[in-house]
Structure formats: C-alpha cells, structure tokens
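Chain by chain, the residues:
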Amino acid sequence: MAAEAAVRHRQVEANGISMHVAEAGPAGSSALAVLFVHGFPELWSSWRHQMGYLAARGYRCVAPDLRGYGGTTAPPDPSSYTVFHIVGDLVALLDALHLPQVFVVGHDWGAIVSWSLCLMRPDRVRALVNLSVAFMPRRPGVKPLDYFRSAYGEDYYVCRFQKPGIEAEFTGFDLKRNWELMAPWTGAQVKVPTKFIVGDGDLAYHHPGVQRYIHKGGMKRDVPMLEEVVVIKGAGHFIQQERAQEISDHIYDYIKKFQAGVLAPKLSKL
C-alpha cells in the first residue's frame, strides 16, 4: 500500500450546514478531483487508504462527513435528512470548492447517495465507482421497509431502528420518506460511466434477487453505462478497508481512463 498522504481538514459552509471535509492531494480546482461518499456508521476516514493512494497519483481527494455524521452539522429535525438534503449537500459542497465535475466513489448508504446524485445531477459526475450496494430502482408497489422486513425479518437493523428500546431516538422516523420523494425518478436510468465492486461475502450481495439483478442484465438495463462489475472473493462488506490496496487499484484503473477531456460544465445550483 502506498504511503498515506497528509490529510487537510476544514469546515465548509454548504446548503445551510457546516460540513467537515478531509482533503488530500493537490489543493487547486484545476486538479482532477475524487469525491468519496461514506456509508453507515462511518466517517470520511473509511477512505483514508484510497485518499493516500490517489493523492500520490495527482488526484485531489475530497471526503466529507455527511450530514449528521462526525464534524458535520446534525440538524435535530429528522425531516432534514431526506435524499434531497444529502444530495443537495454534495452539490453545494462541489460549488463551494469550485469543482464543476468530479469522479465519485461511494460505499454502503453512501453508494445509495451516489446513485441518487447520478440520477439527479449526472452533469456533476465524470464517472462513478460504487462499492457493495447495487443500484436499487424505485419499485412503486414496494416500500423499502416492507422489503427489508419480508427478506430479513424484524431483527434486520433498519427494522429494529423502528422500535423503542434498541435505538429509541429513531422511533417514529419516516424511513419510507425517500421512497415517496423519489417518485418522479421511477424508471429513470443512471447515465454515468460506472464500475461496481462487491465482496462475495457481503450481506448486500446476498439480498434476495441481487445477484440475478447484477449479473443477468437488470443492472445493465438500469445503469446502461455500467462498464464493469467486480466480485472480490473472500471479501466482506467494509471492502475499502479489508482490501485497501485492491480497491484502490480498481478505482485508479477505472478513473484514469477519463483523464483526457474531462468535462467542465458551468456551476449550477441544485
């Protein structure tokens, strides 16, 4: 593994909140930039290996703590955590950093956010590398919580968060809200060049129907610019840390293809 680069930390005002942002590599807006989007329950630091690796190769690496995590503002109202808020945070962060377009790397719930970013603002994403969680097209007749309950029962962590006594502060939160808000994107395709990586021991890879969806044409239908699917033998869920070198190599091997002719659209507000 390449030596880790020095990481710079700062607070950035974006979308009405203060975001803690870790950066490595060149500081200027002219460098090719990679936006890292962490999952639950993680922080920017889950990308520390990939940041060091790509910074050493001349990329500007940007890894925020998402809304409600770490050093970023945590609004008290649960309604402030919709997919619109979180995608809006990322777009506003790119605006604040004067980055019209970036490579995006996401993992876990951060992969879901990254898929949504690509659906809503494909103009801001040069290419996407998502880990662990495949694209989940919105199904009008199936609410996510109902799906998780039927597949895994009440012990699945998302379901348990609905009940008092486990994480009582989550009780009564509307986890189906994003499903409702995303209704206008029903049937929409992710039209961004994409590479998907998952460990063969990852629970997310063993969700009912997921492997068929990934390997039998469903995901390619919904993500028509999907160029590569990598299944890593013996790897689990936190793959960017379990297999740090391997994941860093995969990310670099993919995004370096886009170095020539990187688009530079005008900045626009969400």
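Procedures and definitions
- Residues numbered from 1 in each chain as written.
- Predicted model: local features only at pLDDT ≥ 70, side-chain atom pairs only at ≥ 80, totals over all residues.
- Heavy atoms only, no water.
- Core = buried A, V, L, I, M, F, W, Y, C linked by side-chain atoms within 4.5 Å.
- Buried < 20%, exposed > 50% of the residue type's maximum accessible area, 1.4 Å probe, protein only.
- Helix = DSSP H or I, 4+ residues; strand = E, 2+ residues; numbered from the N terminus.
- Contact = heavy atoms within 4.5 Å.
- Phe/Tyr/Trp six-rings, centres within 6.5 Å; stacked < 30°, edge-to-face > 60°.
- Lys NZ or Arg CZ within 6 Å of the ring centre and 35° of its normal.
- Pairing = 2+ DSSP bridges.
- Axes fitted to C-alpha atoms, helices over the stretch in contact; angles between N-to-C directions.
- Salt bridge = Lys/Arg side-chain N within 4 Å of Asp/Glu carboxyl O.

Chemist: I'd like a description of the nonpolar core, backed by residues and values.
Modeler: Membership of the largest hydrophobic core comes to 47 residues, with the highest contact counts inside it found for Leu-35, Leu-93, Trp-115 and Met-219. Of all the elements, helix α2 (residues 83-96) adds the most residues to this core, at eight residues. When sequence neighbours within four positions are dropped, the list of residues in contact with Leu-93 reads Val-12, Ala-14, Met-19, Val-21, Leu-35, Val-62 and Pro-64. Listed in part, the 29 residues of the second largest apolar core include Tyr-59, Val-129, Val-230 and Phe-258.

Chemist: Describe the environment of Ile-214, listing the residues and the values that go with them.
Modeler: Relative to the assigned elements, Ile-214 resides in helix α7 (residues 210-215). Placed 80 residues apart in sequence, Ile-214 and Ala-134 show a C-alpha to C-alpha distance of 7.4 Å. In this structure, Ile-214 is in contact with Ala-134, Phe-196, Tyr-205, Met-219 and Val-229, ignoring residues within four places of it in sequence.

Chemist: Residue-level account of the packing of aromatic side chains, with values.
Modeler: Applying the stated criterion across every chain, the model contains seven aromatic pairs. Measuring from ring centre to ring centre gives 6.1 Å for Tyr-53 and Tyr-252, while their planes differ by 70°; the resulting arrangement is edge-to-face. Note that Tyr-53 is positioned in helix α1 (residues 48-55) and Tyr-252 in helix α10 (residues 244-255), a separation of 199 residues in sequence. For Tyr-53, a relative accessible area of 4% translates into the label buried. Taking 5.6 Å as the distance between ring centres and 65° as the angle between the ring planes, the aromatic pair formed by Trp-115 and Phe-135 counts as edge-to-face. In this pair, Trp-115 is assigned in helix α3 (residues 109-120) and Phe-135 in the loop between β6 (125-131) and α4 (144-152), connecting sequence segments 20 residues apart. Within the aromatic cluster, the residues linked to one another by ring pairs are Tyr-53, Tyr-59, Phe-103, Tyr-252, Tyr-254 and Phe-258. Here the basic side chain of Arg-57 rests over the ring of Tyr-252, its NZ or CZ set 5.6 Å away from the ring centre.

Chemist: Explain the sheet that holds strand β3 (residues 33-37) residue by residue, including any values.
Modeler: If you walk across this open sheet you meet the eight strands as β1-β2-β4-β3-β5-β6-β7-β8, and the pairing is mixed. If you trace the sheet from one side to the other, it starts and ends with β1 (8-14) and β8 (226-232), each paired once. This sheet shows a mean twist of 20° between the axes of neighbouring strands, independent of strand direction. By the bridge criterion, seven bridges tie β1 to strand β2 (residues 17-24) in an arrangement that is antiparallel. Within the sheet, the bridge partner assigned to His-9 lies in β2 and is Ala-22. Where α2 meets the sheet, its contacts fall on β1, β2, β3, β4 (60-64) and β5 (102-107), and the angle it forms with β1 comes to roughly 110°.

Chemist: So what about the pairing of β2? Which residues, and what values?
Modeler: The element β2 is extensively covered by neighbouring structure, given that eight of its eight residues are classed as buried. The alternating pattern of β2 places Ile-17, Met-19, Val-21 and Glu-23 on one face and Ser-18, His-20, Ala-22 and Ala-24 on the opposite face, and all of these are buried. As paired elements, β2 and β4 share four bridges and run antiparallel to each other. Residue pairing for β4: Ala-22 is matched across the bridge by Ala-63.

Chemist: Outline the pattern of salt bridges, listing residues and values.
Modeler: Taken as a whole and assessed by the stated rule, the structure comprises 10 salt bridges. Glu-23 is paired through a salt bridge with Arg-60; the nearest N and O atoms lie 2.9 Å apart. Here Glu-23, found in strand β2, pairs with Arg-60, found in strand β4; they are 37 residues apart in sequence, far enough to count as distant. Across this residue pair, the class does not change: Glu-23 and Arg-60 are buried. Arg-124 serves as the salt-bridge partner of Asp-95, at 3.0 Å between the closest nitrogen and oxygen. Of the two residues, Asp-95 sits in helix α2 while Arg-124 sits in the loop between α3 and β6, which places them 29 residues apart along the sequence.

Chemist: Mind laying out unusual backbone geometry, listing which residues take part and the relevant values?
Modeler: For the bond running from Phe-40 to Pro-41, omega is -5°, close enough to zero to count as cis. Considering the arrangement of structural elements, one finds Pro-41 in the loop between β3 and α1. The backbone of His-98 shows a phi angle near 60°, a positive value even though the residue is not glycine. Take His-98: it is sitting in the loop between α2 and β5. Unlike most non-glycine residues, Ser-132 shows phi in positive territory, near 80°. Locating Ser-132 in the fold gives a position in the loop between β6 and α4. Taking the relative accessible area as the measure of exposure, Ser-132 reaches 2% and is therefore buried.

Just distances and angles here, no functional claims.
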